[in-house]
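Here are the chains, one letter per residue:
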Amino acid sequence: MRKILITGACGQIGSELVPYLAKKYGKSNVISSDVSAGCENGSDFEFLDLDVTDFEAIENAIDEHDVDTVYHLAAILSATGEKKPFKAFDVNLVGTNNILRAGIEKGLSRVVIPSTIGVFGPETPRENVPVVTVTRPRTMYGITKVTTEMLGEYYFEKFDLDVRGLRFPGIMSYVREPTAGTTDYSVQMFYHAVRGEPYKCFLRADAYLPMMYMPDAVSSLVKLAEADLKNLTRHTDYNVASYSFSPEELYNEIRKEVPGLEVSYEPDYRQEIAETWPASLDTTLAERDWGFRPEYDLERTVKDMIQNLKVKLA
Ligand code: AKB
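Rules behind the numbers
Residues numbered from 1 in each chain as written. Predicted model: local features only at pLDDT ≥ 70, side-chain atom pairs only at ≥ 80, totals over all residues. Heavy atoms only, no water. Phe/Tyr/Trp six-rings, centres within 6.5 Å; stacked < 30°, edge-to-face > 60°. Helix = DSSP H or I, 4+ residues; strand = E, 2+ residues; numbered from the N terminus. Buried < 20%, exposed > 50% of the residue type's maximum accessible area, 1.4 Å probe, protein only. Lys NZ or Arg CZ within 6 Å of the ring centre and 35° of its normal. Patch = residues over 30% accessible without salt bridge, like charges linked within 9 Å, V, L, I, M, F, W, Y side chains within 5 Å. Areas by Shrake-Rupley, 256 points an atom, 1.4 Å probe, with all protein chains shown as cover. Salt bridge = Lys/Arg side-chain N within 4 Å of Asp/Glu carboxyl O. Lys, Arg positive; Asp, Glu negative; His and termini not counted. Charge placed at Lys NZ, Arg CZ, Asp CG, Glu CD. Pairing = 2+ DSSP bridges. Axes fitted to C-alpha atoms, helices over the stretch in contact; angles between N-to-C directions. Contact = heavy atoms within 4.5 Å. Polar contact = N/O pair within 3.5 Å; in protein donor to acceptor, adjacent residues only side chain to side chain. Near = heavy atom within 4 Å. 1 Å grid on protein atoms, 1.4 Å probe; cavity = no way out; pocket = protein on both sides within 12 Å on 5 of 7 lines; lining within 4 Å. Sits in = over half its atoms within 2 Å of the grid points. Nonpolar A, V, L, I, M, F, W, Y, C, P; charged D, E, K, R; others polar. Parallel < 35°, antiparallel > 145°, perpendicular 65-115°, else oblique. Left-handed = near helix turned anticlockwise from the far one by under 90°.

(A) View of the packing of aromatic side chains. The final tally for this structure, using the stated rule, is eight aromatic pairs. Seen in terms of ring centroids, Tyr-155 and Phe-159 are 5.3 Å apart; in terms of plane orientation they differ by 50 degrees. Their pairing is tilted. Of this pair, Tyr-155 and Phe-159 both sit in helix α5 (residues 140–159), four residues apart, which is roughly one turn of the helix. Here Phe-159 falls in the partly exposed class, since its relative accessible area comes to 36%. Taken together, a centroid distance of 5.9 Å and an interplanar angle of 55 degrees make the contact between Trp-290 and Phe-292 tilted. Taken together, Tyr-154, Tyr-155 and Phe-159 form an aromatic cluster joined through their ring pairs. Just above the ring of Phe-55 sits the side chain of Arg-101; from NZ or CZ to the centre is 3.9 Å.

(B) A negative patch on the surface, seen in detail. On the surface, Asp-49, Asp-51, Asp-54 and Glu-56 cluster together into a patch of negative charge. With respect to the secondary-structure elements, Asp-49 resides in strand β3 (residues 46–49).

(C) Just the sheet that holds strand β13 (residues 243–245), in detail. Pairing is mixed in the open sheet, where three strands are placed in the order β9-β11-β13. Where the open sheet ends on each side, the last strands, each with one partner, are β9 (170–172) and β13. Sheet twist, expressed as the mean angle between neighbouring strand axes with direction ignored, is 45 degrees. Pairing geometry for strand β11 (residues 209–213) and β13, over three bridges, is antiparallel. Paired with Pro-210 across the two strands is Ser-244, which belongs to β13. Strands β9 and β11 of the sheet are contacted by helix α7 (residues 214–226), whose axis makes an angle of about 85 degrees with β11.

(D) Structural context of the side chain of Glu-149. Looking at the secondary structure, you find Glu-149 in helix α5. A distance of 2.8 Å separates a polar atom in the side chain of Glu-149 from a polar atom in the side chain of Arg-167. Those residues in contact with Glu-149 that lie beyond four places of it in its chain are Ser-115, Val-119, Arg-167, Thr-236 and Asp-237.

(E) Broad picture of the site of the ligand. In the vicinity of the ligand, the contacting residues are Leu-77, Ser-78, Thr-116, Ile-117, Tyr-141, Pro-169, Gly-181, Thr-182, Thr-183 and Trp-277. Measuring from an oxygen atom of the ligand, one finds a side-chain N or O atom of Ser-78 at 2.5 Å. Thr-182 is positioned such that a nitrogen or oxygen atom in its backbone is 2.7 Å from an oxygen atom of the ligand. Compared with its free state, where it exposes 260 Å², the ligand has 95% of that area covered by protein. Taking a 2 Å distance to the grid points as the criterion, the majority of the atoms of the ligand fall inside the largest pocket. Grouping the amino acids of the shell around the ligand by side-chain chemistry returns five nonpolar, five polar and no charged.

(F) Focus on the packing of helix α6 (residues 185–195) against helix α8 (residues 247–255). Where α6 meets α8, the axes come as close as 11 Å, and the angle between the chain directions of the two elements is 30 degrees. Looking at the two axes, α6 sits roughly parallel to α8. The handedness of the crossing between α6 and α8 is right-handed. Together, Tyr-185, Ser-186, Met-189, Phe-190 and Ala-193 of α6 and Pro-247, Leu-250, Tyr-251 and Ile-254 of α8 make up the contact between the two elements. Residue classes in the contact of α6 with α8 are distributed as eight nonpolar, one polar and no charged.

(G) Representation of the sheet that holds strand β6 (residues 115–116). Taking strand neighbours across the sheet as the criterion, the three strands line up as β6-β8-β12 in an open arrangement whose pairing is parallel. Of all strands in the sheet, those bounded by a partner on one side alone are β6 and β12 (238–239). The pairing of strand β8 (residues 166–168) with β12 spans two bridges and is parallel. Paired with Leu-166 across the bridge in β12 is Tyr-238. Where α7 meets the sheet, its contacts fall on β8 and β12, and the angle it forms with β8 comes to roughly 175 degrees.

Read these as spatial facts, not as claims about activity.
Encoded structure:
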């Protein structure tokens, strides 16, 4: 078997996708890469120090490790992207174009690239948003990601490169405490709850957003990657989500497990980002074309998060 390269392997999704793929395909077939000198995965898996803005380095990595498939996760997320828009442009767009170009030059059989609800904007409808709709984002993250979706389609049509992607909502996971995104308040609320600390939420109590739990996110990405191409009516922009909630609703759900949790609200620039994103997504195309079916509802997610965080933070 030729190998799978994961870029951005130290990030929120990468940290869990790498072990998932290793379990499925064997550790020796999975190569994690990131710009950091190493990450938690690095000690356990073959790790490359790879900057996706360096085209030659990508080509060398593909050659040296006999790579066949790339899961391209390296990206600067919405909140950090507004602090560092030029870096976000370089990593998210130049980096993605490098991966796609290397994909055709090295004959990769597949490139999988997650997209995001960040591709939507204030002119997008709020509820049950379909795949094809107004995508005029206001953040650098969104602009780079909607362009990534279009680039992927372009490479598919023009160069026959099999590029696949789906739009993730906010993702919750107990493995990492993320800080780069707008939906990260949700994970932070759990960490504070289990540590017994009050939480100051940077979104408003009623900021309603689509979300999902990491095990469903990771399995969805791999399911799409493995789907039969002839069943796919889209390439890079399937909507996926498990449920929607506001910070206040999450607080009420967590309090069922941790009654003492205290949350206050101090919205900052991330609230402005959240206001441009929809409250819920229509996921029927993903369900129909490749069998998207999340397993975790909100209640099960909350119980699992708390249970695992209690072990992790003990
Ligand atoms: C973010 O908040 O930037 C990400 C996303 C929704 O893509 N979690």
